[in-house]
Amino acid sequence: MTAPEVGVEDFTHVFEPATASGAPALLLLHGTGADEHDLLPLGRALAPGAALLSPRGKVTENGMNRWFRRLREGVFDVDDLIARTAELAAFVRAAILAYDLDPERIVVSGFSNGANTGAGLLLLHPGLVAGAALFAGGAPLQGREPDPVDLSGVQVFLGNGVADPITTIDQARLVAAQLGQRGADVEAREHPGGHQLTPDVLTQAREWFERAKF
Ligand code: MLT
């Protein structure tokens, strides 16, 4: 399969340059129904001083932006996810050139549908990102076993609710296992709540980000 030809103009997006010298770049992937502005405050909280690259998902479901199609809640169109993730990976490569980002220091962060997509980038496009902080996400390929890619050196933080009715904790634990088995250094934190990012988990993610020294 050839990589799609994609330029930065192909995704509606916000780019905020780094405000601290030598800071990494954070790729922000919003959840269903949100847009490129939604996670900017999360990005600033998680990685103060980092460059922020925040695109908008191109799929719409009843007027809501998403990253890939789903057949119904919790059941993904995995072929669409694979194709859309390839297009997003090509966008990130175009943004690295357009905005002069360090290709070794891109970290993805996403919520819900954006977290699933971030996990898809890790498993399907190894080497694209150095790390990931994913909230309320699960295993993007669902029942399919991901290829045995090498994710050693990749640092991952996962935050999930044990009572999440949308992304079950089993899906969250499955993606943690898939990433860990492929060599990623995974820190998985569970909170008692549902499909949300809690203040405690955000604090844990900030501390993880600081320790990771991207
Ligand atoms: C999805 O990707 O569909 C998520 O798990 C749920 C959502 O975005 O609503």
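Residues numbered from 1 in each chain as written. Predicted model: local features only at pLDDT ≥ 70, side-chain atom pairs only at ≥ 80, totals over all residues. Heavy atoms only, no water.

(A) Quick peek at the nonpolar core. Judged by nonpolar contacts, the single largest core of 44 residues is most densely connected at Leu27, Phe91, Ile106, Leu121, Leu122, Val156 and Leu179. Only β2 (25-29), β3 (51-55), α2 (78-98), β8 (106-111), α3 (113-124), β9 (131-135), β10 (155-161) and α4 (169-181) provide two or more residues apiece to this core. Among the elements that take part in this core, α2 stands out by supplying 10 residues, more than any other. Once you skip the residues sitting within four places of it in the chain, Leu179 turns out to touch Leu122, Leu123, Leu151, Val156, Ala184 and Val186. In this structure, Val14, Leu26, Val107 and Trp208 belong to the second largest nonpolar core, which totals 21 residues. (Core = buried A, V, L, I, M, F, W, Y, C linked by side-chain atoms within 4.5 Å. Buried < 20%, exposed > 50% of the residue type's maximum accessible area, 1.4 Å probe, protein only. Helix = DSSP H or I, 4+ residues; strand = E, 2+ residues; numbered from the N terminus. Contact = heavy atoms within 4.5 Å.)

(B) View of the site of the ligand. Close contacts around the ligand come from Thr32, Arg66, Phe68, Arg70, Phe76, Ser112, Asn113, Asn116, Ile166 and Thr167, and that covers them all. Contacts to the ligand include Ser112, whose side-chain N or O atom sits 3.1 Å from an oxygen atom. A distance of 2.7 Å is found between an oxygen atom of the ligand and a side-chain nitrogen or oxygen belonging to Asn113. Look at the ligand: alone it shows 260 Å² of surface, and the protein chains cover 94% of it. Cavity membership is defined here by more than half of the atoms lying within 2 Å of grid points; on that basis the ligand lies in the largest pocket. The residue makeup of the shell around the ligand, split by class, is 3 nonpolar, 5 polar and 2 charged. (Near = heavy atom within 4 Å. Polar contact = N/O pair within 3.5 Å; in protein donor to acceptor, adjacent residues only side chain to side chain. Areas by Shrake-Rupley, 256 points an atom, 1.4 Å probe, with all protein chains shown as cover. 1 Å grid on protein atoms, 1.4 Å probe; cavity = no way out; pocket = protein on both sides within 12 Å on 5 of 7 lines; lining within 4 Å. Sits in = over half its atoms within 2 Å of the grid points. Nonpolar A, V, L, I, M, F, W, Y, C, P; charged D, E, K, R; others polar.)

(C) Examining the pattern of salt bridges more closely. Taken as a whole and judged by the stated rule, the model has 13 salt bridges. Taking the shortest distance from any N to any O, the salt bridge between Arg69 and Asp77 comes out at 3.5 Å. What makes Arg69 partly exposed here is its relative accessible area of 43%. Linked by salt bridges that have partners in common, Arg69, Asp77, Asp80 and Arg84 make up one network. (Salt bridge = Lys/Arg side-chain N within 4 Å of Asp/Glu carboxyl O.)

(D) Main features of the pairing of β8. Most of β8 is tucked away: 5 of the 6 residues are buried. Bridging between β2 and β8 involves 5 bridges; their strand directions are parallel. Across the sheet, the residue bridging to Leu29 is Gly110, located in β8. Following the chain from β8 across α3 to the adjacent parallel β9, one finds a crossover that is right-handed. (Pairing = 2+ DSSP bridges. Right-handed = clockwise from strand over helix to strand, strands pointing away.)

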